[in-house]
Amino acid sequence: MGISYQNNTNIKKVVQFVREKGPSSRVDISNHMAIPQPTMTRIIEKLISANILHEQGLGTSTGGRRPILLTFNESCSYAVGVEIGRSDIKVALTNMNGDLLSFTTKETRSDEAIDEIVLKVKKTVDKVLADTGIERSLILGVGIGVPGPLNELEDGRISPPNFYGETDIPMKEMLEEQLDFPVTIDNDANVAALAEKWFGQGKGIANFAYVHADVGVGSGLIINNDIYRGRYGEAGEIGHSTIDVFGKRCACGNYGCLENFVSIPAIIDKFQNSLRHLPTDNQHPFTKRIEHLNFEDVLQAVDEGFGLAQQVLKETGQLFGAGIANLINLFAPNVVILGGKVGTSHPLFHKEVTETMKTRVLGSKGKDVKVVVTDLNSGVVSGAAALVIHRFFIKDL
């Protein structure tokens, strides 16, 4: 970016202000941030020289000349986001506003070695860059989102659960060697929370929780505009909070975890068991292929008005609502954002989550916390790019 200051806090704040507020005059920025205008002028000239801010148009006069407006240049740099899932790799190139300029997916097999996965990431990143023609010098770095918890060691090696059969993976080192870009890695719920912070329903909100309910359940906590990771880097594992001390054993080794009740496998299992208990004279067409049902089948049955499916989704929403109430009681976020296939599945589910949360959360202010559904289509891969953008705005500018 061509900017180097010993103390660049004010520079970051100026860029963030213009990016979030839109076209702004030097006087507006100076007054808002309580920075003397001569100092503000020097900061802005540096940002214009670095191509981060542009002069564009004139504002309204308050007596005298109309002020020149400054805008954020979303194309001053770019970020690559990569989601390494258990069955595919997704890669996106974004500008600094998170707009997807190129997106591609590559399938993976569970028996592939990590070396092969890393090579696939490299080839997919190279393809995205080639498709857009963006110069490598304009790429700030590559953000990586992987299933959590990372179980990260002090030397940076990670061991995500059920991750291509390997543990203690030097993922950052391997990827940086192949990609020749700085690499930042975090779990998928955290990066999805960052996507909400920069591009989605968390924009402009200092404290919120993003809860991802899909094959597993996790959450990303944004506190004071940054990810809260806790002492061991694993804060936010709401999926492994206990809601039934006598419940069945979870894959994590605990018993009665929220994930056992709210994840896609749990919902399918409950629907299948409900179908098996139907009287023989009241069978549903899904009974004929009961062992091959998927989550979309459950939602289809809900939309068709099948009471059994609706009850399964209602009960799942109530259990999830209790988990959300626990989260609100602990962290008191301004907003809770739901994501993942379950979290965004159906208005009926959202209704049950919200109503249950309101009956179980403490205090009148807790009941006013909004529970909203994400409006981002590719939250994890966009969030992986946001990891890079976040580091730029928070640490590196």
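Residues numbered from 1 in each chain as written. Predicted model: local features only at pLDDT ≥ 70, side-chain atom pairs only at ≥ 80, totals over all residues. Heavy atoms only, no water.

The next thing to look at is unusual backbone geometry. Pro149 follows Gly148 through a cis peptide bond whose omega is -5°. Note that Pro149 resides in the loop between β7 (139-146) and α5 (171-179). Backbone geometry at Asn51 places phi at a positive 70°, although glycine is not the residue there. Locating Asn51 in the fold gives a position in the loop between α3 (37-49) and β2 (53-58). (Helix = DSSP H or I, 4+ residues; strand = E, 2+ residues; numbered from the N terminus.)

With that settled, consider the state of the cysteines. In total, this model carries zero disulfides according to the counting rule given. Looking at Cys250, it has no disulfide partner, and the nearest cysteine sulfur is the one in Cys252, 3.8 Å off. (Disulfide = S-S within 2.5 Å.)

Another aspect to go through is the pairing of strand β8 (residues 183-187). Of all five residues making up β8, five are buried, and the element is well covered by its neighbours. Along β8, one buried face is formed by Val183, Ile185 and Asn187 and the opposite face, lined by Thr184 and Asp186, is buried too. Two strands pair when backbone bridges link them, and β7 and β8 are joined in this way by five bridges, in the parallel orientation. Paired with Val142 across the two strands is Val183, which belongs to β8. With respect to chirality, the unit in which β7 leads through α5 into the neighbouring parallel β8 is right-handed. (Buried < 20%, exposed > 50% of the residue type's maximum accessible area, 1.4 Å probe, protein only. Pairing = 2+ DSSP bridges. Right-handed = clockwise from strand over helix to strand, strands pointing away.)

This next bit is on the packing of aromatic side chains. Applying the stated criterion across every chain yields a total of four aromatic pairs. Aromatic side chains Phe271 and Phe286 sit 6.3 Å apart centroid to centroid with 80° between the ring planes, which places their arrangement in the edge-to-face category. Here the residue Phe271 occupies a position in helix α8 (residues 264-276), and Phe286 occupies one in the loop between α8 and α9 (295-303), the gap between them amounting to 15 residues. Judged on exposure class, the residue Phe271 and its partner Phe286 are both buried. Residues Phe320 and Phe349 carry aromatic rings whose centres are separated by 5.7 Å and whose planes lie at 25° to one another, so their mutual orientation is stacked. Placement of the pair is Phe320 in helix α10 (residues 307-331) and Phe349 in helix α12 (residues 347-360), with a sequence separation of 29 residues. By the burial criterion, Phe320 is buried, and Phe349 matches it. (Phe/Tyr/Trp six-rings, centres within 6.5 Å; stacked < 30°, edge-to-face > 60°.)

Attention shifts here to the sheet that holds strand β4 (residues 78-84). Judged by pairing direction, the sheet is mixed, and its five strands sit side by side in the order β6-β5-β4-β7-β8 without closing on themselves. The strands lining the two open edges of the sheet, one partner per strand, are β6 (100-107) and β8. In this sheet, adjacent strand axes meet at a mean angle of 15° when their direction is disregarded. For strand β5 (residues 88-95) and β6, the ladder comprises seven bridges, and the chain directions are antiparallel. Bridged to Asp88 within β6 is Glu107. (Axes fitted to C-alpha atoms, helices over the stretch in contact; angles between N-to-C directions.)

Val14, Ile29, Leu47, Ile52, Phe72 and Phe393 are the most contacted members of the largest nonpolar core, which has 43 residues in total. Within the residue set of this core, elements represented by two or more residues are α1 (9-21), α2 (26-33), α3, β3 (68-72), α6 (188-199), β9 (208-213), β12 (335-339) and α14 (379-396). Ranked by residues supplied to this core, first place goes to α14 with eight residues. Membership of the second largest hydrophobic core comes to 41 residues, among which are Ala209, Leu275, Val298 and Val312. (Core = buried A, V, L, I, M, F, W, Y, C linked by side-chain atoms within 4.5 Å.)

What follows is about the environment of Ile35. By secondary structure assignment, the location of Ile35 is in the loop between α2 and α3. In sequence terms Ile35 and Val142 are 107 residues apart; their C-alpha atoms lie 34 Å from each other. Dropping the residues within four chain positions of it, Ile35 is found in contact with Asn10, Ser30 and Met40. (Contact = heavy atoms within 4.5 Å.)

Turning to the side chain of Thr184, a few remarks are in order. By the secondary structure assignment, Thr184 is in strand β8. Judged by its relative accessible area of 17%, Thr184 is buried. In contact with Thr184, not counting residues within four places along its chain, are Val142, Gly143, Ile144, Leu387 and Arg391.

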